[in-house]
Amino acid sequence: MSSELEPPEKKPKITGNNDLCIETIDKCIENITSSEKNLQPIINDEFHMPIQLVKVYVGHIRSAKDISRTILILNERIPLKELSHLKRVRCQCIILCPTTFLHNMSSIQEYIEIHALELKDVFDYFKEINVPLLPPKIVSQYNETKKIWPCNFHPNTYFEKLVSDHFFSSYEVKLHRQFMGVVFEIAKWYVMHRGTSSVVGGIFENVNVTVVVNPINNRIVTISYDYRHNHPMQHSAMLAIDNVAKTQNGGVWSTDYDNNLLPGLEQELIDYLKEKFSHFGIGMKKSKTDVQEEKSVNDLHGEGCGAKTDLHGEDCGHKTVVHGETKEKDGPYLCTGYYIYMLREPCVMCAMGLVHARAKRIFYCFNNSDTGALNSVVKLQTVASLNHHFEVFSGFL
C-alpha cells in the first residue's frame, strides 16, 4: 500500500455554462426581490372561461296570474337540478327544460302534456334560447350571466380576492419574494460548489430546489436540491417531504449528511444560509432553554398550551394527556400548515406527495411544460375529489 497521500479533491471551476448559470441566477434574484408586483394565484379555469351556454325550451305564459302555480308544478314534475342557479321565470317566460330532455318526442307541447298535463293550455307559444350552463363564481361572471338570464348569486369574498391583483399585502409580497430569493441562492450555491446546473433560455432544466417554511414564525424547516436523481422518486419535493419527516422522527431515505438542524444538508450550506439569511430562522432545532421552559409550563399546569388552532386556523398539533401517564407534545403532521417554495413547478408525483403531506401553499417560479401538475399539464389543486387542497401561486418574474 502506497504511503503517498492522494491530492485533495478539487472543486469544479466556474467556467462556461456555470458562468451563465450564476449570471442568470443573480439577475433572477435581483428581479424577484426588488419587484413589488403581487403574486398570481393558479386557480380553476372556470374563473376565466367564457360563459358556457345550454339550449332550453321556454314557454310564454298566457296570464301572469298563473306564474306562481305554474312554477310550483314545474318544480315538482320537471325539476332542473343542473340549472338550479337560474331563476325559472323572466317576465312571462318560464324555463321548461333543456332541449335534450325531449329525446324522441316531436314537440315541447307533447312533453308538457305527458309530464304536466294541467299546464297544456297555460302557454301561448314556446321557443328555444341559450342560458348559462354553470353558476357564476365571481361578480364579473354574474354581471355577464344576468344579461342572458336572471340567476342566483352569492358573492364570495375569497374568490373575489383570488381573481384580484392584490391577494397579498405589500408586506406579504416582500416576504414571499425573499423566500423565493432563498431558493435561487441555494441553486447558486450548488452551481458554485458542485458545478451542477443547466440554463436554457433563462429557465432551469433538470434541476429543482424546494424550501419548506413554517409561516407562523417564518422559519425555514428544511430545503432540498435534486440535480442528480439516485432514485426515481427522489425529486426535490419528495426529498423535502422526507427531510421534514426526519425532523419528526421519521423519514425513509438515508443521506450523506445527518444533523439536527436541516437533515440531509451539508454543514457548509447550512452555515452559508445562516450567514446570508440571518433574519430568518433556520432549521427545526430548539434551544435547551426553549425545551426547559416548555417542560416547566407543562409540568406546572399538567396540560398542554391550550391553543387548538394557529393564526391560519390550522390545528397546532399540541396534544396532552391530562390524567394519563404522559404529557407529550406532538408537532404537526409532515407539512401541515407549511408553505412550499420551489424553483420549478412540480410533477404529478411531487404534487400528490405535497397533497398527502398536507402542505398549505405552494409557490413556484418557472412552469414545467412537460410534466407540471399545478398549471402546465393539469391543475391538481382544482381536482374536487382530492381530500386536501392547497393554494398555488406564481408570477415572481
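Residues numbered from 1 in each chain as written. Predicted model: local features only at pLDDT ≥ 70, side-chain atom pairs only at ≥ 80, totals over all residues. Heavy atoms only, no water.

**Some words on the overall build of the chain**
Counting its secondary structure elements, the chain contains ten helices and 13 strands. Here the chain, with 397 residues, has 44% of them falling under the buried criterion. For the chain, contacts bridging at least 24 residues in sequence account for 64% of all contacts bridging at least 6. Of the roughly 22,100 Å² of accessible surface on the chain, a fraction of 51% belongs to carbon and sulfur atoms. (Helix = DSSP H or I, 4+ residues; strand = E, 2+ residues; numbered from the N terminus. Buried < 20%, exposed > 50% of the residue type's maximum accessible area, 1.4 Å probe, protein only. Contact = heavy atoms within 4.5 Å. Areas by Shrake-Rupley, 256 points an atom, 1.4 Å probe, with all protein chains shown as cover.)

**Thoughts on the nonpolar core**
Met-180, Phe-184, Val-211, Tyr-341 and Phe-363 are the most contacted members of the largest nonpolar core, which has 50 residues in total. Counting only elements with at least two residues in this core, the list comes to helix 1 (17-34), helix 6 (170-194), strand 8 (209-214), strand 9 (219-225), helix 8 (267-276), strand 11 (339-344) and strand 12 (361-366). Here this core gets twelve residues from one element, more than from any other, and that element is helix 6. If we ignore the near neighbours within four places in the chain, the residues touching Val-211 are Val-182, Val-183, Ile-186, Ile-220, Thr-222, Ile-223, Tyr-339, Ile-340 and Tyr-341. Of all hydrophobic cores here, the second largest spans 31 residues; its members include Leu-239, Trp-253, Ala-359 and Leu-374. (Core = buried A, V, L, I, M, F, W, Y, C linked by side-chain atoms within 4.5 Å.)

**Quick look at the sheet that holds strand 5 (residues 123-132)**
Strands sit in the order 3-4-2-5 across an open sheet of four strands; the sheet is antiparallel. Strands with a single pairing partner mark the edges of an open sheet, and in this sheet they are strand 3 (89-90) and strand 5. Examined bridge by bridge, strand 3 and strand 4 (residues 93-98) share two bridges and lie antiparallel to one another. The residue of strand 4 that forms the bridge with Val-89 is Ile-94. On the sheet, helix 3 (residues 108-115) packs against strand 2 (53-61), strand 4 and strand 5 and is oriented at approximately 85° with respect to strand 4. Lying on the sheet, helix 4 (residues 139-148) is in contact with strand 2, strand 3 and strand 5; it crosses strand 5 at an angle near 160°. (Pairing = 2+ DSSP bridges. Axes fitted to C-alpha atoms, helices over the stretch in contact; angles between N-to-C directions.)

**Thoughts on the sheet that holds strand 11**
Taking strand neighbours across the sheet as the criterion, the seven strands line up as 1-13-12-11-8-9-10 in an open arrangement whose pairing is mixed. Every other strand in the sheet has two partners, leaving strand 1 (40-41) and strand 10 (281-282) as the edge strands with one partner each. Strand direction decides the pairing type here: strand 8 and strand 9, joined by six bridges, are antiparallel. By the bridge assignment, Val-211 is partnered in strand 9 with Ile-223. In the packing of helix 7 (residues 236-247) onto the sheet, contacts are made with strand 8, strand 9 and strand 11, and the angle to strand 9 comes to roughly 135°.

**Here's the deal with helix 3**
Where helix 3 is concerned, the buried positions are Ile-108, Tyr-111 and Ile-112. With its buried residues spanning 100° around the axis, helix 3 presents them on a single face. Next to the buried residues of helix 3 lie strand 2, strand 4 and strand 5. (Arc of directions from axis to C-beta.)

**Regarding a nonpolar patch on the surface**
Side chains of Val-348, Val-377 and Val-378 sit close together on the surface and give an oily, nonpolar patch of about 220 Å² of accessible area. Assignment of secondary structure puts Val-378 in the loop between strand 12 and strand 13 (391-394). (Patch = residues over 30% accessible without salt bridge, like charges linked within 9 Å, V, L, I, M, F, W, Y side chains within 5 Å. Salt bridge = Lys/Arg side-chain N within 4 Å of Asp/Glu carboxyl O.)

**Digging into the side chain of Arg-344**
Counting through the fold element by element, Arg-344 comes out in strand 11. No salt bridge forms around the buried Arg-344; measuring N to O, its nearest opposite-charge neighbour Asp-370 is 6.1 Å away. Leaving out residues up to four positions away in the same chain, Arg-344 has contacts with Phe-204, Glu-205, Asn-206, Val-207, Asn-208, Tyr-364, Phe-366 and Asn-368. (Lys, Arg positive; Asp, Glu negative; His and termini not counted.)

**Some points on helix 6**
It helps to recall that an α-helix has 3.6 residues per turn; residues three or four apart then point in one direction. Between the first and last C-alpha of helix 6 there are 36 Å, a value that for 25 residues agrees with the 36 Å anticipated at 1.5 Å per step. Of all 25 residues that make up helix 6, 18 are buried, and the element is covered over most of its length. (Expected span 1.5 Å × (residues − 1).)

**Description of the pattern of salt bridges**
Evaluation of the coordinates by the stated rule reveals ten salt bridges. For Lys-188, the salt bridge is made with Asp-26, and the minimal N-O distance between the two is 2.8 Å. Within this pair, whereas Lys-188 is found in helix 6, its partner Asp-26 is found in helix 1, the two being separated by 162 residues in sequence. Residue Lys-188 is classed as buried on the basis of its relative accessible area of 16%. Looking at Asp-26, the relative accessible area reads 33%, which means it is partly exposed. A salt bridge links Glu-46 to Lys-137; its shortest N-O distance comes to 3.5 Å. Taken together, the positions of Glu-46 in the loop between strand 1 and strand 2 and Lys-137 in the loop between strand 5 and helix 4 put the pair 91 residues apart, joining distant regions of the chain.

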